[in-house]
Amino acid sequence: MLAPLNLRIPPAPPLSFLSFNRQPHFRCACSPSIFASADSLKLTSSSPAFATRMQSGSPMVTDEEFTGNVKAQLAKLFGLSLKLTAPEEPDVEPLVAACTAKFGDYQCNNAMSLWAKIKGKRTQFRGPPAVGEAIKNNLPPSEMIESCSIAGPGFVNVVLSKNWMAKSIQKMLIDGIDSWAPKLSIKRAVVDFSSPNIAKEMHVGHLRSTIIGDSLARMLEFSKVEVLRRNHVGDWGTQFGMLIEFLFEKFPNYEDVNEKAIGDLQAFYKESKQRFDADPDFKERAQRAVVRLQGGEDRYRRAWAQICEISRNEFQRVYQRLGVHLEEKGESFYNPYIPGVLKALTEQGLVEESQGCQVIFIDGFNIPLIVVKSDGGYNYASTDMTAIWYRLNEERAEWIIYVTDVGQQQHFAMVFKAAQRAGWLPVVDRSYPKASHVGFGLVLGDDGKRFRTRSSEVVRLVDLLDEAKARSKKELIDRGKGQEWTEEDIEQTAEAVGYGAVKYADLKNNRLTNYTFNYDQMLNDKGNTAVYLLYAHARICSIIRKSGKDIEELKKTGTLVLDHVDERVLGLHLLQFAEVVEEACMNLLPNVLCEYLYNLSEKFSTFYQQCKVVGSEEETSRLLLCEATAVVMRKCFYLLGITPIYKI
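In short, a report on the structure.

Procedures and definitions
Residues numbered from 1 in each chain as written. Predicted model: local features only at pLDDT ≥ 70, side-chain atom pairs only at ≥ 80, totals over all residues. Heavy atoms only, no water. Phe/Tyr/Trp six-rings, centres within 6.5 Å; stacked < 30°, edge-to-face > 60°. Helix = DSSP H or I, 4+ residues; strand = E, 2+ residues; numbered from the N terminus. Buried < 20%, exposed > 50% of the residue type's maximum accessible area, 1.4 Å probe, protein only. Lys NZ or Arg CZ within 6 Å of the ring centre and 35° of its normal. Core = buried A, V, L, I, M, F, W, Y, C linked by side-chain atoms within 4.5 Å. Contact = heavy atoms within 4.5 Å. Pairing = 2+ DSSP bridges. Right-handed = clockwise from strand over helix to strand, strands pointing away. 1 Å grid on protein atoms, 1.4 Å probe; cavity = no way out; pocket = protein on both sides within 12 Å on 5 of 7 lines; lining within 4 Å. Points joined across faces, edges and corners; volume = space filled by probe spheres on them. Nonpolar A, V, L, I, M, F, W, Y, C, P; charged D, E, K, R; others polar. Axes fitted to C-alpha atoms, helices over the stretch in contact; angles between N-to-C directions. Expected span 1.5 Å × (residues − 1). Parallel < 35°, antiparallel > 145°, perpendicular 65-115°, else oblique.

Looking at the packing of aromatic side chains
Here's step 1: One pass over the full model with this rule turns up 21 aromatic pairs.
Here's step 2: Between Trp399 and Tyr432, the ring centres sit 6.3 Å apart and the planes meet at 85 degrees, which makes this aromatic pair edge-to-face. One end of the pair, Trp399, is in strand S11 (residues 399–405); the other, Tyr432, is in the loop between helix H14 (409–421) and strand S12 (434–440), and 33 residues separate them in sequence. Each member of the pair, Trp399 as well as Tyr432, is classed as buried.
Here's step 3: In this structure an aromatic cluster arises from ring pairing among Phe333, Tyr334, Tyr337, Trp389 and Tyr390.
Here's step 4: When the ring centre of Tyr638 is taken as reference, the NZ or CZ atom of Arg218 above it lies at 4.6 Å.
Here's step 5: The ring centre of Phe248 lies 3.7 Å from the NZ or CZ of Arg299, which sits over that ring.

Written out as structure tokens, the structure reads:
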């Protein structure tokens, strides 16, 4: 077998240090906790530790215990009630959801399912409504609840106390928005995203992966999870023999070659591919170059590193515009580990020979997972199996998230199943550690086909982003900002709006669907667009500025109230921020947060239309509500990777 390349990567550890146990080898003494059920990945406030029996004389639950997640706090209260209502059913999880009807703010929906468990047994109840009534009556006293009522077959509707709501929002303004961050039980996750191929242009598929992956990483980081942002670049494989040989041929003094000399890497790749396909002598030299590269020959390693570096600089131009940070661990990084991983899988009896290939058969799939090709070479599967092993054993990840197009869904499903067969991942999908594939659809042009240039070339992402910025800048100048603002202000605002518009146009859609890339739509200042939302935030900031009041001082001395109906509606939506972030994070759906942000802007608009702020008797309270809205909007922007603007 060909010797592995050692450039830029640590040598593979001796096989005796490789751990291939049934579960990953975690160093910490508490490692068994990571194999808990998926329910353990909810907020700690709703964990079983809180579900202890409370006597009727228990002290009131105060706002000091509020963690920022209303649904989780109510689930805690209903968990206590369920223990009293049906002590013989200790494992009932509270089912609490936000209401969409007019009966309340939240609803507990346990009555029917609990009745199904206890009917036929010795019970005092005579149906779901009676169970619901008991759940309501057994709720411990809490200042967060104004009132409760029963609807239908035992649904317990909850109306929150407006005084508690106002105090909770004002407390956030003092403590900071991070006090409302979800609290997940996992400590470390890997998010594998972007992952372009060396010597090829980043295309709109990479744009989607980069934008979606960055947003998911930000939400996990906000939730106090250590995120390893991994850029699994395609920097290894047989194509590098072709590229290196073409580099030697075109530039005899290749070590002096820079980006300007090579020019367009995509064109360089195409030229080398044409030579490879048309010239048998060149093809033979290229194949020998692969052997020399993989054998670690110095000249070939240096040429390979040079090509990678030129590509890396091009990728960085995109990442810089998007404000995205990644740590590169490409295919070459895992290459030295592959033999040891495959050896251990073979010893477990998982790897079998089939038609000259080494494969792993997976139940439920018509084709096997090929881990060694018939020519003895490795492929994506061998690299991905090694990467998942490394991330579990060496990086100690509890959740590994792969962000790629939906076309790779089957591949990752097979890799995950193979990892389960090997004992690296639990067989139960809802257990941890786990791996998830985050698929996404295509980016389409106005013609409904894949988004490309008029000459059918792949669109360069740098050009695409710069065009969005240029259009945004032109709009600002057309509005007369060229005479009012400095050039720096215009540049910064154009970048925030232009790049933000591209990101939001992607993220607001369910990632599994295709979406049409259209500059006019995404840069529209009306409707569900980043431009509309950024301008809405800027208007809120303008309201606060025009009041002439010191908002930081008002946070300390003022009092927020929610007496008007539209104040209360806005306040309730603000309080639902944490649970929305948790939902978007756990379901890996950034569009959930986008929907929340747009609705927040709409609710603020209604509040502002109905409630005079500056100059009103309630000015202090309403300025605090304006500030709370702006704070939550800014955190939403941050989680979506969008830079807010403060003036328009």
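After presenting the structure, the write-up continues.
Here we look at the nonpolar core
The nonpolar side chains of a soluble globular protein tend to be buried with one another.
Here's step 1: Formed by 164 residues in total, the largest nonpolar core has its most connected members in Leu74, Leu160, Leu220, Leu464, Phe577, Leu593 and Val632.
Here's step 2: Sort the elements by how many residues they give to this core and helix H24 (residues 619–639) lands first, with twelve residues.
Here's step 3: Excluding anything up to four places from it in sequence, Leu160 contacts Val70, Leu74, Asp105, Tyr106, Met144, Glu146, Met165, Arg568 and Leu572.
Here's step 4: In terms of nonpolar packing, the next biggest core, distinct from the first, is built from 36 residues, Leu228, Leu345, Ala387 and Leu392 among them.

Quick word on the pairing of strand S5 (residues 188–192)
Across a regular strand the side chains alternate sides, sitting on one face of the sheet and then on the other.
Here's step 1: Counting buried residues along S5, four of its five residues qualify, which places the element largely inside the surrounding structure.
Here's step 2: Judged from the five bridges that link them, S5 and strand S6 (residues 226–231) form a sheet pairing that is parallel. What sits directly across from Asp192, in S6, is Arg230.
Here's step 3: Crossover S5 to S6 through helix H5 (residues 204–222) is right-handed.
Here's step 4: In the sheet, S5 pairs with S11 via four bridges, with the strands oriented parallel. Bridge pairing in S11 links Val190 to Ile400.

Overview of empty space enclosed by the protein
Here's step 1: Per the stated rule, a full pass over the model turns up two cavities of 30 Å³ or more.
Here's step 2: The volume enclosed by the largest cavity comes to roughly 40 Å³.
Here's step 3: Lining of the largest cavity is provided by Glu201, Met202, Glu314, Phe315, Val318, Arg460, Leu461 and Val462.
Here's step 4: For the lining of the largest cavity, the secondary-structure elements that each account for two or more residues are helix H10 (298–322) and helix H15 (461–478).
Here's step 5: Top element by residues in the lining of the largest cavity is H10. It accounts for three residues.
Here's step 6: Grouping the amino acids of the lining of the largest cavity by side-chain chemistry returns five nonpolar, no polar and three charged.
Here's step 7: Taken as a whole, the second largest cavity holds about 30 Å³ of empty space.
Here's step 8: Around the second largest cavity, the lining residues are Arg208, Ile212, Asp506, Leu507, Asn509, Asn510, Arg511, Pro590 and Asn591.
Here's step 9: In the lining of the second largest cavity, the residues fall into three nonpolar, three polar and three charged.

Quick look at the sheet that holds strand S7 (residues 327–328)
Here's step 1: One open sheet holds the five strands; their spatial order is S7-S6-S5-S11-S12, and the pairing between them is parallel. The two strands at the open ends of the sheet, each matched to only one other strand, are S7 and S12.
Here's step 2: Here S11 pairs with S12 via seven bridges, running parallel. The residue of S12 that forms the bridge with Val403 is Val438.
Here's step 3: Those strands touched by H14 are S11 and S12, and its axis lies near 175 degrees from that of S12.

Notes on the environment of Glu395
Here's step 1: Within the secondary structure, Glu395 sits in the loop between helix H13 (380–393) and S11.
Here's step 2: Residue Glu395 is classed as buried on the basis of its relative accessible area of 7%.
Here's step 3: Measuring from C-alpha to C-alpha, the distance between Glu395 and Ala189 comes to 9.1 Å, with 206 residues separating the pair along the chain.
Here's step 4: Apart from residues no more than four positions distant in its own chain, Glu395 is found in contact with Arg188, Val190, Leu228, Arg230, Lys329 and Tyr390.

Observations regarding H5
Residue pairs spaced three or four apart in an α-helix point in one direction, given the helix's 3.6 residues per turn.
Here's step 1: Along its 19 residues, H5 runs 27 Å from first to last C-alpha, staying within 8% of the 27 Å computed at 1.5 Å per residue.
Here's step 2: With 17 of 19 residues buried, H5 lies mostly within the body of the structure.

Observations concerning the packing of H5 against H24
Here's step 1: The interhelical angle for the contact between H5 and H24, taken along N-to-C directions, is 130 degrees, at an axis separation of 8 Å. In this view, H5 runs oblique relative to H24, as classed from their interaxial angle. Seen from H5, the contacting residues are Ser215, Arg218, Met219 and Phe222; seen from H24, they are Lys635, Tyr638 and Leu639.
Here's step 2: Along the lines of polarity and charge, the residues of the contact of H5 with H24 split into four nonpolar, one polar and two charged.

Thoughts on unusual backbone geometry
With glycine set apart, most residues show a phi of negative sign, and most peptide bonds adopt trans.
Here's step 1: With an omega of 0 degrees, the peptide bond running from Tyr432 to Pro433 counts as cis.
Here's step 2: Relative to the helices and strands, Pro433 resides in the loop between H14 and S12.
Here's step 3: Phi at Ser195 is positive, roughly 50 degrees, even though this residue is not glycine.
Here's step 4: As for its position among the elements, Ser195 is in the loop between S5 and H5.
Here's step 5: Backbone geometry at Lys224 places phi at a positive 70 degrees, although glycine is not the residue there.

Without other data, these values stay purely geometric and don't point to any function.
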